[in-house]
Amino acid sequence: MSSYIKRITDGDTSWFDKARFGMFIHWGLYSMPARHEWVKCHERITEEKYDKYFEYFDPDLYNPKEWAKKAKEAGMKYAVMTTKHHEGFCMFDSQYTDYKCTNTKAGRDLIKEFVDAFRAEGIHIGFYYSLIDWHHPEFPLDCYHPRQDDDDAYEQNQGRDIKKYAEYMRNQVRELLTNYGKIDVIWFDYSYPEKNVPDKPWMKGKGKEDWEAEKLVEMVRSIQPDILINNRMGIPQDLFTPEQYQPTKWVSDKTTGELLTWEASQTFSGSWGYYRDEMTWKSDRMLIEMLINTVCIGGNLLMNVGPTSRGYFDNRANKALDAYAQWMKYNSRSIHNCTMAEPEFTAPRGCRLTQSSDGKRLYIHLMEYPYAYLEANGFAGKVDYAQFLHDGSEIKFNEGAVNHFSDGRTEGEDLVVFELPHVKPDAVVPVIELFLK
Ligand code: GLC
C-alpha cells in the first residue's frame, strides 16, 4: 500500500487517484473565430459582432461517440467539458437563458450527447462551469470584461447586481447536477479578487464573496455528495488545479505541508479553445513526458482538446491523441492506479518512477535511454523480476557490483544493474516493470 497520506476532503477521490489521466474539452462559440477562447475580451468584441457566432454556429459534424472513443484509446479515464465558458454561451439546455446551443442551428443539448457518449465508454464525467460571464447583463464590468474600455463603461456598469448573477449560477449549476445523472467533477473557473483597477475603483476583481461560493458548494454537495470540486471558487475543496505549469513535487498545503489531490491542466498548443493558426503544438515526446512527470509526483493530468466549430477534432489534435494511444496501449500499467514511488526508491539517472498503489510493482521510465546498463542505487534485495513493460521481455540484472574493465568497479551493496539492449526499443519512453519482493 502507498504510504502517502493526502488531505481528506468531502468528495470521492478514490476513482480519481486511479484514473490519473483525463480529457479537458473547451468547446463553445469561440471555436468559430478560432483565435483563443478569450477572443471576446482580447479583441474587445461587441455583443453585436459576437452575435454572428451565435447566428452561424452549426456543429454539423459533432459526434461525441468518436470523441469518447479517442479519449478511451488515449487512456483517458475521465473528461471535463465546458458547459459554459467566459463568453457566457451555454452548451446545454438551460431554462434560465436563451443564450444556449438549443437556440442555434445545433438545435439540441450538446452536453447531453457528450454525457451519454462518454458514459457509454465507461469514462467519468466532469463539467467545467465558468464563474466569469461576459454575456450576462448582471455581471459587473472588471479588468477582464470585453466592455471595460468602452467610453460609457461606467454607465453600462450601473445597476448590475452580482447577487442576481450568483443566483443565476446556482440555478444553472443545479440544472447541470440534476439533469444529467451522476457527475464526478465540477470545475469552476475562476477567481481574481486581487485584480482591481486602480483608477476605476468600481471595476473590482471577483472572488468567493461575489460567487457566494459557500452557498454554491453547499448546494453542489447536497445534490451530488461524492462530486469533486476544484479550488478556483476561492475556497479550497477537493482538487488543486495548476494550469499550464508542471509542478516538480507533489502539490502540498503551504502552511500545513499536507499532500493535496491535484491535477495539472495542459494544452496541446497553448490555447484551450480551437485556435486555427496556433503553431506551437507540443511534440509527442513532450506529451508523454508530461503525463509521466505528473503521475510520478502523485498528480493527474487533464489534457485539453479544442474541437473545431463544426464539432470534430482536427488532425493535429488527433495526432496528439494518437501519440498517447500508442504509448498507453502498452504502458498504461505504469500510469493507471499508480502514484509516486515510496521514498525508499530513488530514481536512477534520467529516470522517473511510479509505483502501483498496492506497492507491488515499481515502474522505471527511461526518459533518457542509457547505454547498456542502468544502475539503480538502493534497489538491491528488493527486485524479484524485471521486464520491459511494452513487450513483457525479461531484463536481466545483477546486484552489488559490475566489472566494466574500468579502473574501479561500480560497487555498492545497494546497487542493482539492469542490462538493457543497446538499441532503444521502439517506444517514445520505454518503461521497466519491476516486480518487487
Ligand atoms: C483559465 C482560462 C481559460 C481556461 C482555463 C483552463 O483560467 O481563463 O480560458 O478555461 O483556465 O484551466
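Computed from a predicted model, the values in this text were never measured in an experiment.

Things to note about unusual backbone geometry
Item 1. Asp189 connects to Tyr190 through a cis peptide bond whose omega is -15°.
Item 2. With respect to the secondary-structure elements, Tyr190 resides in the loop between strand 4 (185-189) and helix 8 (208-211).
Item 3. You will see that Arg20, though not glycine, has its phi angle at about 65°, which is positive.
Item 4. Here Arg20 is to be found in the loop between helix 1 (14-19) and strand 1 (21-25).
Item 5. Since its relative accessible area comes to 4%, Arg20 is described here as buried.
Item 6. Located in the positive-phi region is Glu212, a residue other than glycine, with phi close to 55°.
Item 7. Examined against the element boundaries, Glu212 turns out to sit in the loop between helix 8 and helix 9 (213-223).

A few points about helix 11 (residues 315-331)
Item 1. Over its 17 residues, helix 11 runs 24 Å from end to end, which matches the ideal 24 Å to within 8%, given 1.5 Å per residue.
Item 2. Those residues of helix 11 that sit buried are Ala317, Asn318, Ala320, Leu321, Ala323, Tyr324, Ala325, Trp327, Met328 and Asn331.
Item 3. Where helix 11 is buried, its residues contact strand 1, helix 4 (64-73), helix 10 (284-295), strand 7 (300-305), strand 10 (361-366) and strand 15 (431-436).

Focus: the environment of Ile227
Item 1. With respect to the helices, strands and loops of the structure, Ile227 is situated in the loop between helix 9 and strand 5 (228-229).
Item 2. Through-space distance from the C-alpha of Ile227 to that of Phe24 is 17 Å; in sequence the pair is 203 residues apart.

Let's talk about the domain arrangement of the chain
Item 1. Taken as a whole, the chain is organised into domain 1 (14-336) and domain 2 (341-436).
Item 2. Between domain 1 and domain 2, the C-alpha centre-to-centre distance is 39 Å.
Item 3. Contacts between domain 1 and domain 2 engage twelve residues on the former and 15 residues on the latter.
Item 4. Summed over both partners, the interface of domain 1 with domain 2 buries about 1300 Å², with 57% contributed by carbon and sulfur atoms.
Item 5. The largest per-residue losses of area from domain 1 upon contact with domain 2 belong to Arg285, Arg333 and Ser334, which jointly make up 40% of the total buried on that side.
Item 6. If you look at where domain 1 meets domain 2, you find one salt bridge.
Item 7. For Arg333, the salt bridge goes to Glu433, with nearest N and O atoms at 2.7 Å.
Item 8. Contributions of two or more residues to the side of domain 1 that touches domain 2 are made by helix 10 and helix 11.
Item 9. With six residues, helix 10 is the single largest residue contributor to the side of domain 1 that touches domain 2.

Here is what the cut-offs are and how they apply
- Residues numbered from 1 in each chain as written.
- Predicted model: local features only at pLDDT ≥ 70, side-chain atom pairs only at ≥ 80, totals over all residues.
- Heavy atoms only, no water.
- Helix = DSSP H or I, 4+ residues; strand = E, 2+ residues; numbered from the N terminus.
- Buried < 20%, exposed > 50% of the residue type's maximum accessible area, 1.4 Å probe, protein only.
- Expected span 1.5 Å × (residues − 1).
- Contact = heavy atoms within 4.5 Å.
- Domains from an automatic or database assignment.
- Buried area = accessible area lost by both parts, 1.4 Å probe.
- Salt bridge = Lys/Arg side-chain N within 4 Å of Asp/Glu carboxyl O.

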